Amino acid sequence: MIHALRNLFDAELAETLAKAAQPVSAPTGAQLFAPGAPCRQFLLLLDGVVRVQALASNGREIVLYRIYPGGSCVVTTSCLLGGLAYPATGIAETPIQAAALPTPTFERLLAESPAFRNFVFSAYATRLTDLVARIEEVALERIDARLARLLLRLAPPTSNIIERTHQDLAADLGSAREVVSRQLKTFEQSGWVELQRGRIHLLDRDALETLVAD
């Protein structure tokens, strides 16, 4: 853990964090927090990917953001600062390794360490900007262009095979599964994709890129 922390902070702060934090590991699919759960620690992701998602009153899921190595969860930060329960769900998309900092230590370092304070609030500001852009995208952009952009982002350049279900894509887009399935079928009829069980094969990247650019 100390080696990963030294890649993010100066030696002194890394040592302080390593002594105070508890190592955390979780397998793919593990639920790290859920709506209504108390927030008792600041989680710093060292390895793996965490998906943070919310559930609307109509039962529709939407992915708010993903956390990558070296990142922190701004939902957790917000809950710690406000003394609130979690409003969203955190799920390990891959096996993860993290450092969990107890609330008292988090509060002390926030008050005493300019480097730690800058890290926390810089991440908070960046993620807030991303969330505003996400809201604008969901509210204003056409679903066909948003889906095309997501497919292009997810597809490996060597295989063009996307291992995602229609429900996974719908959650990423903040849309209904039926809407995504219907749009994918339109793409397939146009010869742009081939739909398979649990996967999507991109056949015409150029067509999808043109749709995104329009």
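A short tour of the structure in this document, coming up.

Conventions and cut-offs
All residue numbers here refer to positions counted from 1 along the written sequence of the relevant chain. With pLDDT at 70 or above as the cut-off, local features in this predicted model cover only qualifying residues; side-chain atom pairs require 80 or more to be listed or tallied, and sums for whole chains, interfaces and linings still use all residues. Only heavy atoms go into the side-chain values, all of them from the structure, while hydrogens and water stay out. For every residue, the accessible area (1.4 Å probe, protein chains only) is compared with the maximum for its type, and the residue is labelled buried under 20%, exposed over 50%, or partly exposed between those bounds. Strands are runs of DSSP state E lasting at least two residues, helices are runs of H or I lasting at least four, and both sets are numbered from the N terminus onward. Only strands joined by at least two bridges in the DSSP assignment are considered to pair. Definition of nonpolar core: a set of buried residues of the types Ala, Val, Leu, Ile, Met, Phe, Trp, Tyr and Cys, connected through side-chain atoms within 4.5 Å. Between two residues, a contact is recorded if the distance between any of their heavy atoms is within 4.5 Å. What counts as a ring pair is set by centres within 6.5 Å for rings of Phe, Tyr and Trp (its six-membered ring), and what kind of pair is set by the plane angle: stacked under 30 degrees, edge-to-face over 60, tilted for all other angles.

Here's the deal with the pairing of strand S3 (residues 41–47)
Summarising burial for S3: five of the seven residues are buried, a large majority. In this sheet, strand S7 (residues 96–102) lies alongside S3 in antiparallel orientation, the contact comprising six bridges. For Phe-42, the partnering residue across the bridge sits in S7 and is Leu-101.

Overview of the nonpolar core
By size, the foremost hydrophobic cluster in this structure holds 39 residues, and its most contacted members are Leu-17, Phe-42, Val-52, Leu-101, Phe-106 and Phe-116. Sorting the residues of this core by element identifies helix H2 (11–20), S3, strand S4 (50–55), strand S5 (61–67), helix H3 (74–82), S7, helix H4 (103–112) and helix H5 (114–140) as the ones contributing at least two each. Setting aside its immediate chain neighbours within four residues, Val-52 contacts Phe-33, Ile-62, Val-63, Leu-64, Tyr-65, Ile-67, Cys-73, Val-75, Ala-88 and Thr-89. Of all hydrophobic cores here, the second largest spans 19 residues; its members include Ala-148, Leu-169, Val-193 and Ile-200.

What about unusual backbone geometry?
With phi around 60°, Asn-160 is a residue other than glycine that occupies positive phi space. With respect to the helices and strands, Asn-160 occurs in the loop between helix H6 (143–154) and strand S8 (161–162).

Details of the packing of aromatic side chains
Taken as a whole and judged by the stated rule, the model has six aromatic pairs. Ring centres 4.1 Å apart and planes at 10° place the aromatic pair Phe-33 and Tyr-86 in the stacked group. Placement of Phe-33 in strand S2 (residues 31–33) and of Tyr-86 in the loop between H3 and strand S6 (89–92) is noted, with a sequence separation of 53 residues between them. Measuring from centroid to centroid gives 5.0 Å for Phe-42 and Phe-106, while their planes differ by 25°, and the two rings are stacked. Here Phe-106 lies in helix H4 and Phe-42 lies in strand S3, a separation of 64 residues in the sequence. Exposure remark for Phe-42: the relative accessible area of 2% places this residue in the buried category. An aromatic cluster is built from Phe-42, Phe-106 and Phe-116, whose rings are joined through pairwise contacts.

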